Amino acid sequence: MRVAVLVVWVGLSLCWALVSAEEPVEEQQLSRAKALAREPQGLIGDRGRWDAEMSDEPAEVTVEEKGKAKKKKSPEEIEAAKAKKAAEREAKAKKQKAPKPTKKPKPPKPTKKPKPPKPTKKPKTPKPTKKPKLVTTTAQPELRLPPLEEEEVGLETTNQPEFPTEPVEPDLDKWIRGHKKEDTTTEVIMYIPEETTSVPFAGPWYEEYDYSDLAEAIAKKQQEEEERARKEKAEKAERQRKQWEEEEAERLKQAAFPAQPKKCPPLGLESHRVDDDQLLASSQSHHGFAVQRGRLNMQSSEDEEDMYGGAWCAEPEDKEHWFQVDARREVEFTGVITQGRNSEQLEDFVSSYFVAFSNDSRDWTVLHDGYAEWLFYGNVDKETPVMSQFATPVVARYIRILPQSWNGSLCLRAEVLACQLPSSYHSENEVNASDDLDFRHHNYKEMRQMMKVINEECPNITRIYNIGKSSQGLKMYAMEISDNPGEHETGEPEFRYTAGLHGNEALGRELLLLLMQFLCKEYRDENPRVRRLVDGVRIHLVPSLNPDAYELAYEMGSEMGNWALGHWTEEGYDIFQNFPDLNSILWGAEDRGWVPRIVPNHHIPLPENFLGGSLAVETKAIISWMERNPFVLGANLQAGEKMVVYPFDMQRPPISLTDSRRWRVNAEMNEETWARIQRQNEGALRETPDDAMFRWLAMSYAHSHLTMTETYRGSCHGDDVTGGQGIVNRASWKPVVGSMNDFSYLHTNCFELSVFLGCDKFPHESELALEWENNREALLSFMEQVNRGIKGIVRDMEGNPLPNATITVEGIRHDVKTAASGDYWRLLNPGEYKVTAKADGHTPQTRLCMVGYDTGATPCSFTLAKSNWDRIKEIMARNGNRPIRLVTKTNRVKSTASSTTAQPAITGEESQANSQRAERLRRFRLMRLRKLRERLRGRVTTTTLPTTTTTTTTQPPVAESTTSWYDSWFPVDSYTENPFDTFIFGSAPTQEYNFEYTID
């Protein structure tokens, strides 16, 4: 046993010698001194307690090991413990070289405690085996003293080599001498805080806190500080930016050209809301160029030198020139729009000018731009408007334009932009609309959206459809308003309003959109007038017939488009004047006596190949739309004047002396017909057979309008041509060829007029409410006129409706036709009328119809019986639709008898018709005798009678005879005069023969 213990001791001595050789000499001497100073009994206890104090384990573990240290360990356990300690020392040496964890971000110090020594400033260990000093912080919790149990075995048996000890602080020897007994263990543990006073709470402070949570808190707090700093920086930058913007805005206000000048509506020079007495000028060149001619878009007369010029022109010899406008109250002036002179030959316009203001018209202040008097640049041509806006609004009552340079003569047209100031009294130009409607301009997409919204609000009475497409592919939308939309109801008339024939005439477009909203809203609100109108009439509203041109005018704006911009289509057509010329066909046939037998006085067919000629795409679509629907009444809304015009729109050439012979005076011609013929011979105007009805329809709109009959100041561009009534015949005012009104009257049943809504074609949005108030009652009143006159249904004996039956009114040489359902409407003024209904294959029927003053049309229906007209048409077809001539070889008396015997071939004629035929035959004979006398002039008078008797049997005109149905309409070839000169067409009912014909 002793031998085994000795071997173990020798092995331990050798290991200790190897380890101690690496330690510094100072540490070995210190360890030897410690070993000698300790007593055998207390050394083991004290060493155990020291190891427990310096260990990283909790205090409880140290106390438990206190009892275990007294037990002797086997040599194998001691060897394993030494190997473990060696491994720990090597790991400690490597960890000391690694980045120190104490270099974490410094947490904010809550108190001003003394700073512990920074571990980064420790002296570097020269060798990995060197143990750190006791002052090391808990940042290295792995540092432990080697257990002293391994020394106890040798100390009890023999003198052992000195064991390496931890570095001892200066007061360690006193502490060791004062603790020699085991019962002082408690005192040693309590003395530890005093021992560590040299290190200001380095060990205990770091051992008491969990630094992982503290690091997270420190990092979170640092992030909050960084976020707060970032926010402060951003707020500071935002304050600086706002300050810079305020300074920049202030600088822009003081600059000459502001970013967005105040926008104000026009004062009303173009729309004539500014009266003539509010305009004043320095001078005028002559009467036709007075200051009242200085309105924007003013048009000159045909002879502008003698009548009215297209601008205000100043006297060239004057030194000072100015154009003044009086607003009659203080307003905010924001700009001026200038334009040159309207002339076909001259280029006169103002190129630069000053602007001055005054409140009393005596002291004037010229507008400055901050440096000098502000010189505005004007026009570069005579038609394009140029707008100049002020930097800031100027409050004044008077404004003057002071021209400085000009091209040609000094001529100017202008408009002033101004906003009304808040006032306690109401101005005449300010209107508060009584209807809650959308008063603004709508482009194509907005118009379509508006119609869709109305249809969704009133789906039971509205329907949207399109009548065709424009040349650019835009659809021409229409809205139908009726109690049963989508189909024609028998006995219900159809009415139409159209607008936008000229793209730059936007007022009619907006009025129809407002009318759609109004009818829908009032119908839902149980308005009895609107309900009666919607339930009794099928209404069609087309707001834009030229959508391509409107988009062009809309892009330029209400005041910046000139008089012609957007007037024509993209292909260059004026839609209103692009319809077939049926007037020339009718009047040519009348001159030849072909009306109504060869050429009817209504539903005149289109000339051959006319649709393939120079017709716009929009015009073809409108014609097809007219033919599909049996319209009774309609109006197209235009602008540029303020009046209602009615057809004929085309002026007929004066009748020659040769043609005037057919208008011979006879006892059967009434005074009205004679007066109309005399006016036509003079070439003054061309009235329709329904002239009285057209005048009534025009007056129903003009007199319901609030301002259309106020003609004391003349028309928009000259003198009043309406005679104070607000209506005029277009042919006597400005005749046009191929108008929509004439075509509608001659090709369909529809009576159509043109309504010119105002002087301003494209008014500002602020004026739409005023225009709606002026036109609302007129729009409704004109629609109600569709129920004026007579209406009815034409049926056969079996009760089937007869389409395309002709309705003739005695005394009016213009007929109408029935619709596909056999119903018809004939607009007539109050009175008593003889009406005849005729249809192919049926016997005509005549009735006496009374038209009263009560609201609503008078019912007047017909029931026709069948006739032998089909057999007559078959016989005529065999002869090429030519008249059948019956030639006899008998003498005159026999031929006369044969003619009388041939009379019963046509049955069913009335006695009045027979008497008329006899009268016509007698006149034919007299005409032939007159011709014969002219041929035999110069011969012997004694042979005249026998010659006449002999020639009557040889010449065809005397021997031939015609059928009674042909004698009533066909002129004889050898006869040059009109055979119907003395025939009164309205005296008896007649039949109509629809033949194919051509006109040379």
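Residues numbered from 1 in each chain as written. Predicted model: local features only at pLDDT ≥ 70, side-chain atom pairs only at ≥ 80, totals over all residues. Heavy atoms only, no water.

In the annotation of an unreviewed UniProt entry, the protein is listed under the name Adipocyte enhancer-binding protein 1 and assigned to Poecilia latipinna. What UniProt states about the protein under its Subcellular location (unreviewed entry) heading is, verbatim, "Secreted". (UniProt positions renumbered as here; feature names shortened; annotations may be inferred.)

Quick look at the overall build of the protein now. Scanning the protein from N- to C-terminus turns up 27 helices and 26 strands. Sorting the 1000 residues of the protein into buried and exposed places 45% on the buried side. Considering only residue pairs separated by 6 or more positions, the protein has 77% of its internal contacts joining residues 24 or more positions apart. For the protein, the computed accessible surface area is about 52800 Å², with 53% contributed by carbon and sulfur atoms. (Helix = DSSP H or I, 4+ residues; strand = E, 2+ residues; numbered from the N terminus. Buried < 20%, exposed > 50% of the residue type's maximum accessible area, 1.4 Å probe, protein only. Contact = heavy atoms within 4.5 Å. Areas by Shrake-Rupley, 256 points an atom, 1.4 Å probe, with all protein chains shown as cover.)

Within strand β12 (residues 538-542), five of the five residues are buried, which leaves the element mostly enclosed by the surrounding structure. Neither face of β12 is exposed, since Arg538, His540 and Val542 on one face and Ile539 and Leu541 on the opposite face are all buried. Pairing geometry for strand β10 (residues 475-481) and β12, over three bridges, is antiparallel. In the sheet register, Ile481 faces β12, and the bridge partner there is Ile539. Note that strand β11 (residues 494-499) and β12 share five bridges and pair parallel. Looking across to β12, one finds that Phe495 is bridged to Ile539. (Pairing = 2+ DSSP bridges.)

Here the focus is the pattern of salt bridges. The final tally for this structure, using the stated rule, is 34 salt bridges. Linking Asp591 and Arg652 is a salt bridge whose minimum nitrogen-to-oxygen distance equals 2.5 Å. Separated by 61 residues along the polypeptide, Asp591 in helix α15 (residues 583-592) and Arg652 in the loop between β14 (641-646) and α17 (671-682) bring together distant segments of the chain. Look at Asp591 and you get partly exposed, because its relative accessible area is 29%. (Salt bridge = Lys/Arg side-chain N within 4 Å of Asp/Glu carboxyl O.)

The strand order across the open sheet built from four strands is β19-β18-β21-β22, with neighbouring strands paired in antiparallel fashion. This sheet does not close on itself; its edge strands, each paired only once, are β19 (812-817) and β22 (845-851). With strand direction ignored, the average angle separating the axes of adjacent strands in the sheet is 30°. Bridge count for strand β18 (residues 806-809) against β19 is three bridges, and the pairing is antiparallel. Its bridge partner being in β19, Thr806 is matched across the sheet by Lys817. (Axes fitted to C-alpha atoms, helices over the stretch in contact; angles between N-to-C directions.)

Across soluble globular proteins, you tend to see nonpolar side chains buried next to one another. With 93 residues, the main nonpolar core has Tyr497 and Tyr701 as its most contacted residues. For this core, the element with the highest residue contribution is helix α12 (residues 506-524), accounting for 11 residues. Residue contacts for Tyr701: discarding those within four places in its chain leaves Tyr497, Val644, Met708, Val755, Leu757, Asn775, Ala778, Leu779 and Phe782. (Core = buried A, V, L, I, M, F, W, Y, C linked by side-chain atoms within 4.5 Å.)

All right, on to the packing of helix α11 (residues 444-457) against α12 then. Put simply, α11 and α12 touch, their axes get as near as 10 Å, and they point 15° apart. Taken together, α11 and α12 sit at an angle that is classed as roughly parallel. You can see that α11 and α12 cross each other, and the crossing is left-handed. Counted together, Tyr444, Met447, Met450, Met451, Ile454 and Glu457 of α11 and Arg509, Leu513, Met516, Gln517, Cys520 and Arg524 of α12 form the full contact between these two elements. Looking at the contact of α11 with α12 residue by residue, the classes come out as eight nonpolar, one polar and three charged. (Parallel < 35°, antiparallel > 145°, perpendicular 65-115°, else oblique. Left-handed = near helix turned anticlockwise from the far one by under 90°. Nonpolar A, V, L, I, M, F, W, Y, C, P; charged D, E, K, R; others polar.)

Mean pLDDT over the protein: 76, with 67% of residues reaching 70 or higher. pLDDT under 50 marks residues 33-70. Its contacts with residues more than four places away, or in other chains, come to 52 contacts. Confidence drops under a pLDDT of 50 for residues 110-114, and excluding neighbours within four residues, the segment shows one contact in the predicted structure. (pLDDT = per-residue confidence, 0-100.)

The subject of this paragraph is the packing of α12 against helix α13 (residues 528-536). Between α12 and α13, whose axes approach to 8 Å, the crossing angle comes to 110°. Comparing their axes, α13 and α12 come out roughly perpendicular. Crossing hand, α12 versus α13: left-handed. The residues of α13 that touch α12, namely those facing Phe518, Leu519, Glu522 and Tyr523, are Val530, Arg531, Val534 and Asp535. For the contact of α12 with α13, the class distribution of residues is five nonpolar, no polar and three charged.

Moving on to the state of the cysteines. Under the defined criterion, the tally for this structure stands at five disulfides. Sulfur-sulfur distance for the disulfide between Cys716 and Cys759 comes to 1.8 Å. Judged by the sign of its S-S torsion, about -80°, the cystine formed by Cys716 and Cys759 is left-handed. Here Cys759 lies in the loop between β16 (751-758) and α21 (768-784) and Cys716 lies in the loop between α18 (691-702) and β15 (727-729), a separation of 43 residues in the sequence. Taking relative accessible area as the criterion, Cys759 reaches 8% and is therefore assigned buried. Take the cysteines of the protein that form disulfides and number them in order along the sequence; they join up as 1-4, 2-3, 5-6, 7-8, 9-10. (Disulfide = S-S within 2.5 Å.)

Attention shifts here to the sheet that holds β11. Taken in spatial order, the eight strands line up as β9-β10-β12-β11-β13-β16-β14-β15 in an open sheet, and their pairing is mixed. Among the strands making up the open sheet, the edge pair consists of β9 (462-469) and β15. With direction set aside, neighbouring strand axes in the sheet form an average angle of 25°.

This part takes up the packing of aromatic side chains. Scanning the entire structure with this criterion turns up 23 aromatic pairs. For the ring pair Tyr745 and Phe751, a centre distance of 5.4 Å and an interplane angle of 75° mean the geometry is edge-to-face. On the basis of relative accessibility, which here comes to 1%, the residue Tyr745 falls in the buried class. The buried category is assigned to Phe751, whose relative accessible area is 2%. By way of ring pairs, the aromatic residues Phe333, Tyr353, Phe357, Trp374, Phe376 and Phe390 are connected into one cluster. (Phe/Tyr/Trp six-rings, centres within 6.5 Å; stacked < 30°, edge-to-face > 60°.)

A few words now on α13. In an α-helix, one full turn covers 3.6 residues, which means residues spaced three or four apart are oriented alike. Taken together, the buried positions of α13 are Val530, Leu533 and Val534. Angular distribution of buried residues about the axis of α13 spans 95°; they occupy a single face of the element. In α13, those exposed residues whose orientation departs by more than 90 degrees from the buried face are Pro528 and Arg532. Buried positions along α13 lie against β10, α12, β12 and α21. (Arc of directions from axis to C-beta.)

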